[in-house]
Amino acid sequence: MINFGKLKTLGVLGGLGPQATDFFYNGVIEHTDASCDQEHIDMIILSHATTPDRTEAIMTGNDEELIRSLVEDVQMLERAGAANIAIPCNTSHYYYQQMQAAVHIPIIHMVRESVRYAREKYEGVQRIGIMGTDGTISTGIYDEECKRVGVTPVHPSPQRQKDVMHIIYDEIKAGERGSRHLFNGVVDELNRKMGCEVIILACTELSVYKHFHNVPDCCLDAMDVLIRESILRSGAVYQ
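Description of the structure in this document. Computed from a predicted model, the values in this text were never measured in an experiment.

Considerations on the sheet that holds strand 1 (residues 10–14)
Link 1 in the chain: Strand order in the open sheet formed by three strands is 2-1-3, with parallel pairing between adjacent strands. Whereas interior strands pair on both sides, the edge strands pair on one side only; in this sheet they are strand 2 (43–47) and strand 3 (84–86). Sheet twist, expressed as the average angle between the axes of neighbouring strands with direction ignored, equals 20 degrees.
Link 2 in the chain: Note: strand 1 against strand 3, three bridges, orientation parallel. Paired with L10 across the bridge in strand 3 is N84.
Link 3 in the chain: Helix 1 (residues 18–31) rests against strand 1, strand 2 and strand 3 of the sheet, and its axis sits at about 170 degrees to strand 2.
Link 4 in the chain: In this fold helix 3 (residues 64–79) packs onto strand 1, strand 2 and strand 3, with an angle of close to 155 degrees to the strand it touches most, strand 1.

So, the pattern of salt bridges
Link 1 in the chain: Under the criterion given, the structure shown has 14 salt bridges.
Link 2 in the chain: Close ionic contact of R116 with E113 constitutes a salt bridge, the shortest N to O distance being 2.6 Å. Of this pair, R116 and E113 both sit in helix 5 (residues 110–121), separated by three residues, roughly a single helical turn.
Link 3 in the chain: Judged by relative accessible area, E113 falls into the buried class, the value being 11%.
Link 4 in the chain: Look at the salt bridges and you will find they share partners, linking E113, R116, E120, E229 and R233 into a network.

Digging into unusual backbone geometry
Link 1 in the chain: For the bond from L16 to G17, the omega torsion is 5 degrees, close enough to zero to count as cis.
Link 2 in the chain: One can find G17 in the loop between strand 1 and helix 1.

With respect to the packing of helix 1 against helix 10 (residues 204–212)
Link 1 in the chain: Two numbers describe how helix 1 lies on helix 10: the axes approach to 9 Å, and their chain directions differ by 60 degrees. Considered as vectors, helix 1 and helix 10 are oriented oblique to each other. Crossing handedness for the pair helix 1 and helix 10: left-handed. Residues Q19, A20 and F23 of helix 1 form the contact with helix 10, whose participating residues are T204, E205, V208, H211 and F212.
Link 2 in the chain: In terms of residue class, the contact of helix 1 with helix 10 is built from four nonpolar, three polar and one charged.

What to know about the environment of Q126
Link 1 in the chain: Structurally, Q126 is set in the loop between helix 5 and strand 4 (127–131).
Link 2 in the chain: On the basis of relative accessible area, Q126 is assigned to the partly exposed category, the value being 48%.
Link 3 in the chain: On a C-alpha basis, the gap between Q126 and L220 in space is 15 Å, while along the polypeptide they are 94 residues apart.
Link 4 in the chain: The residues contacting Q126, other than those within four sequence positions of it, are V151, T152 and E197.

Observations regarding the packing of helix 8 (residues 158–172) against helix 10
When two helices pack together, their arrangement is given by the angle between their axes and by how far apart the axes lie.
Link 1 in the chain: Running from amino to carboxyl end, helix 8 crosses helix 10 at an angle of 75 degrees, the nearest separation of the two axes being 9 Å. Relative to helix 10, the element helix 8 lies roughly perpendicular. Touching I167, I168 and I172 of helix 8 are E205, L206, V208 and Y209, all from helix 10.
Link 2 in the chain: In terms of residue class, the contact of helix 8 with helix 10 is made up of six nonpolar, no polar and one charged.

Thoughts on the state of the cysteines
Link 1 in the chain: Counted according to the given criterion, the structure contains zero disulfides.
Link 2 in the chain: C146 takes part in no disulfide bond, and the closest cysteine sulfur to it belongs to C196, at a distance of 9.4 Å.
Link 3 in the chain: Residue classification places C146 among the buried positions, given a relative accessible area of 0%.
Link 4 in the chain: As a non-bridged cysteine, C196 has C218 as the owner of its nearest cysteine sulfur, 8.8 Å distant.

Calculation rules
Residues numbered from 1 in each chain as written. Predicted model: local features only at pLDDT ≥ 70, side-chain atom pairs only at ≥ 80, totals over all residues. Heavy atoms only, no water. Pairing = 2+ DSSP bridges. Helix = DSSP H or I, 4+ residues; strand = E, 2+ residues; numbered from the N terminus. Axes fitted to C-alpha atoms, helices over the stretch in contact; angles between N-to-C directions. Contact = heavy atoms within 4.5 Å. Salt bridge = Lys/Arg side-chain N within 4 Å of Asp/Glu carboxyl O. Buried < 20%, exposed > 50% of the residue type's maximum accessible area, 1.4 Å probe, protein only. Parallel < 35°, antiparallel > 145°, perpendicular 65-115°, else oblique. Left-handed = near helix turned anticlockwise from the far one by under 90°. Nonpolar A, V, L, I, M, F, W, Y, C, P; charged D, E, K, R; others polar. Disulfide = S-S within 2.5 Å.

Without other data, these values stay purely geometric and don't point to any function.
Right under this line is the structure:
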């Protein structure tokens with residue numbers, strides 16, 4: 001039995017991008033064990049779609065406006081009454097320290113939790129493949145977390161990384177469902193040719209792709225991990 005008085009409000013910094021935020025919200029609803037409205041968690045969703053592009057800011061180094069925007073947004077969620085903050089955007093976690101230092105409530109570290117969960121779910125994993133934006137790959141945010149727990153991070157080859165970016169920016173962000181051929185080519189390279197037991201879908205646009213297509217069992221969606229952690233930290237029951 002859930003103690004309604006113990007449920008915590010979840011703040012969501014969304015819009016990065018909007019469709020991914022929609023999938024996150026629906027995922028929280030779908031995976032919360034609730035028999036009535038009152039057993040769901042309260043959420044404050046800030047869909048800041050005009051936030052500067054994270055990958056562009058990282059790759060160019062022109063990130064002052066982005067950092068200011070992210071910091072102001074998490075502060076707004078804290079003032080609004082959030083007890084925890086979830087950010088359904090992997091790349092933005094490059095600025096996790098700046099955001100966390102700006103508020104007194106926990107920001108769920110999507111990247112760290114995804115790597116931790118990968119080790120728990122896939123026993124004996126030694127190599128984890130990372131499918132994400134150029135920004136996520138270049139910053140090494142997943143590499144750092146993998147090395148922290150003693151596993152080897154693996155990136156796609158340059159050509160396959162171009163395919164990942166095409167799926168994310170030219171297809172999913174453009175409202176398409178994504179190319180199965182390109183996606184499967186990246187997975188095949190990381191899994192069969194590079195020996196990755198697990199492949200983390202480290203971009204929420206790839207989470208959208210997974211909604212429309214079946215993906216191999218070796219693929220772990222970071223969005224799913226964030227949804228699970230958000231529900232549990234809010235005091236509800238994950239199903």
